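# Remarks on the overall topology
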Amino acid sequence: MLQLLARRLMLAVPTLVGVLVVVFLLLYVAPGDPVQAMVGERADAATIARLRAELQLDAPLPVQFANYAGKIVRGDLGRSYITNRPIVSDIAERFPRTLLLAGAAMLLATLSGVTIGVLAAVKPNGWFDRLALAVTYLGISFPVYWIGLLLIVLFAVTLRWLPASGYGRIEFLVLPALALGSRSIAYLARVTRGAMLEVLGADFVRTARAKGLAEGGVIVRHALRNALIPVVTVIGLDFGAYLTGSILTETIFSWPGIGRYVVMAISRRDLPAVQGSVLFLSLVFVTVNLLTDVAYRKVDPRVS
């Protein structure tokens, strides 16, 4: 296990260095002047020049990158041009809310999708299997923002069962978690069904049944466990995507997470906030992939 972690960490280092370079260059490829965005259009040239010197934006490019990388290594992501707060503080305040939303969506998707996939595989071509395939096909086809708006119209506007947006009590979490996890429910169901159908035809499953084991035990203890590798892959990738790419869901439901923070930073041309958020989310995605590799090893010790 330690060797596996060491290899994965060595592979993650070049990825993070590449992300650091790309994030740094965002300051130069983005349109507009960040200093002008800070001080407004009425600021005089002397003020703009002074701020550029304070932010070291007038230094040569290699020097700026060295200073930026040094701050990142020390855990300093800079300060927001708009709020003048440390970006680390903004991320620390908002990321737990994104983590809550992503965790709820992934838990819902895993329980629902795996259950549907197993039930569909037990009796292939039955009525439940056909219904599950049709519903999951629709779930994969519809975009998240459309599902989110549909849920708001149905459960918040028409039925008035749940709030349309906001953050606080548990009922505020239901609709965004369902919208965010809808595609994963459909995809996990299809992946689980395909993996289960392959495993249920294997020799060891027929042997387990020949020994007189209960059908439920054969399905759960033997078939499902051996079908988990592709399921773990989908869970890992989707959970990483939820943590780093739930921008549409957070915007639609006014969820105060890091995705909405990035949208606001982009709209205000707050480039340090965008840079810090993208770098942090890249680190999160790499970490989730590392944990997924560890989960592979737990499910199948043959994975190296």
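Here, every reference points to the structure presented above.
Worth saying up front: this structure is predicted, and the values here are computed from it rather than measured. (Residues numbered from 1 in each chain as written. Predicted model: local features only at pLDDT ≥ 70, side-chain atom pairs only at ≥ 80, totals over all residues. Heavy atoms only, no water.)

## Here's the deal with the overall build of the protein chain
Counting its regular elements, the protein chain contains 14 helices and zero strands. Sequence-ordered secondary structure for the protein chain, helices as α and strands as β, is α-α-α-α-α-α-α-α-α-α-α-α-α-α. Based on the C-alpha atoms only, the size of the protein chain along its principal axes is roughly 85 × 55 × 30 Å. Considering only contacts in the protein chain between residues 6 or more positions apart, those separated by 24 or more positions represent 74%. Here the protein chain has roughly 16,600 Å² of accessible surface; of this, 66% comes from carbon and sulfur atoms. Charge centroids of the protein chain, computed over 29 positive and 18 negative side chains, lie 8 Å from each other. (Helix = DSSP H or I, 4+ residues; strand = E, 2+ residues; numbered from the N terminus. Contact = heavy atoms within 4.5 Å. Areas by Shrake-Rupley, 256 points an atom, 1.4 Å probe, with all protein chains shown as cover. Lys, Arg positive; Asp, Glu negative; His and termini not counted. Charge placed at Lys NZ, Arg CZ, Asp CG, Glu CD.)

## A short note on a nonpolar patch on the surface
Together, Tyr 137, Leu 138, Phe 142, Tyr 145, Trp 146, Leu 149, Leu 150 and Leu 248 make up a nonpolar patch on the protein surface, roughly 800 Å² of accessible area in all. Put simply, the parts of the chain that give the nonpolar patch at least two residues each are helix 6 (127-141) and helix 7 (144-158). Ranked by the residues each element gives to the nonpolar patch, the list is headed by helix 7, at four residues. (Patch = residues over 30% accessible without salt bridge, like charges linked within 9 Å, V, L, I, M, F, W, Y side chains within 5 Å. Salt bridge = Lys/Arg side-chain N within 4 Å of Asp/Glu carboxyl O.)

## Description of the nonpolar core
In terms of nonpolar packing, the biggest core is built from 51 residues, with Tyr 68, Met 196 and Leu 279 touching the most fellow members. In contact with Tyr 68, not counting residues within four places along its chain, are Leu 20, Val 23, Phe 24, Gln 275 and Leu 279. Counting residues in hydrophobic clusters, the runner-up holds eight residues, among them Ile 152, Ala 156, Ala 179 and Phe 253. (Core = buried A, V, L, I, M, F, W, Y, C linked by side-chain atoms within 4.5 Å. Buried < 20%, exposed > 50% of the residue type's maximum accessible area, 1.4 Å probe, protein only.)

## So, the packing of helix 7 against helix 8 (residues 171-200)
Running from N to C, helix 7 and helix 8 cross one another at 145°; their axes reach a closest spacing of 9 Å. The crossing of helix 7 and helix 8 is right-handed. On helix 8, the residues that touch Val 144, Ile 147, Gly 148, Leu 151, Phe 155 and Ala 156 of helix 7 are Leu 175, Leu 178, Ala 179, Ser 182 and Arg 183. (Axes fitted to C-alpha atoms, helices over the stretch in contact; angles between N-to-C directions. Left-handed = near helix turned anticlockwise from the far one by under 90°.)

## Description of the pattern of salt bridges
This model, assessed by the stated rule, comprises six salt bridges. Note that Arg 97 and Glu 93 form a salt bridge whose closest N and O atoms lie 3.9 Å from each other. Of this pair, Arg 97 and Glu 93 both sit in helix 5 (residues 87-122), four residues apart, roughly one helical turn. Arg 169 serves as the salt-bridge partner of Glu 171, at 2.5 Å between the closest nitrogen and oxygen. By relative accessible area, Arg 169 is classed as exposed at 54%.

## A short note on the side chain of Ser 282
Along the chain, the position of Ser 282 falls in helix 14 (residues 271-299). Using a relative accessible area of 17% as the deciding quantity, one classes Ser 282 as buried. A polar contact is formed between the side chain of Ser 282 and the backbone oxygen of Val 278, at a distance of 2.8 Å. (Polar contact = N/O pair within 3.5 Å; in protein donor to acceptor, adjacent residues only side chain to side chain.)

## Re the packing of aromatic side chains
What the rule picks out here adds up to seven aromatic pairs. Measuring from centroid to centroid gives 5.2 Å for Phe 24 and Phe 65, while their planes differ by 70°, and the two rings are edge-to-face. Placement of the pair is Phe 24 in helix 1 (residues 2-29) and Phe 65 in helix 4 (residues 61-73), with a sequence separation of 41 residues. For Phe 65, a relative accessible area of 27% translates into the label partly exposed. Feature note: the residues Phe 24, Phe 65 and Tyr 68 constitute an aromatic cluster, connected by ring pairs. (Phe/Tyr/Trp six-rings, centres within 6.5 Å; stacked < 30°, edge-to-face > 60°.)

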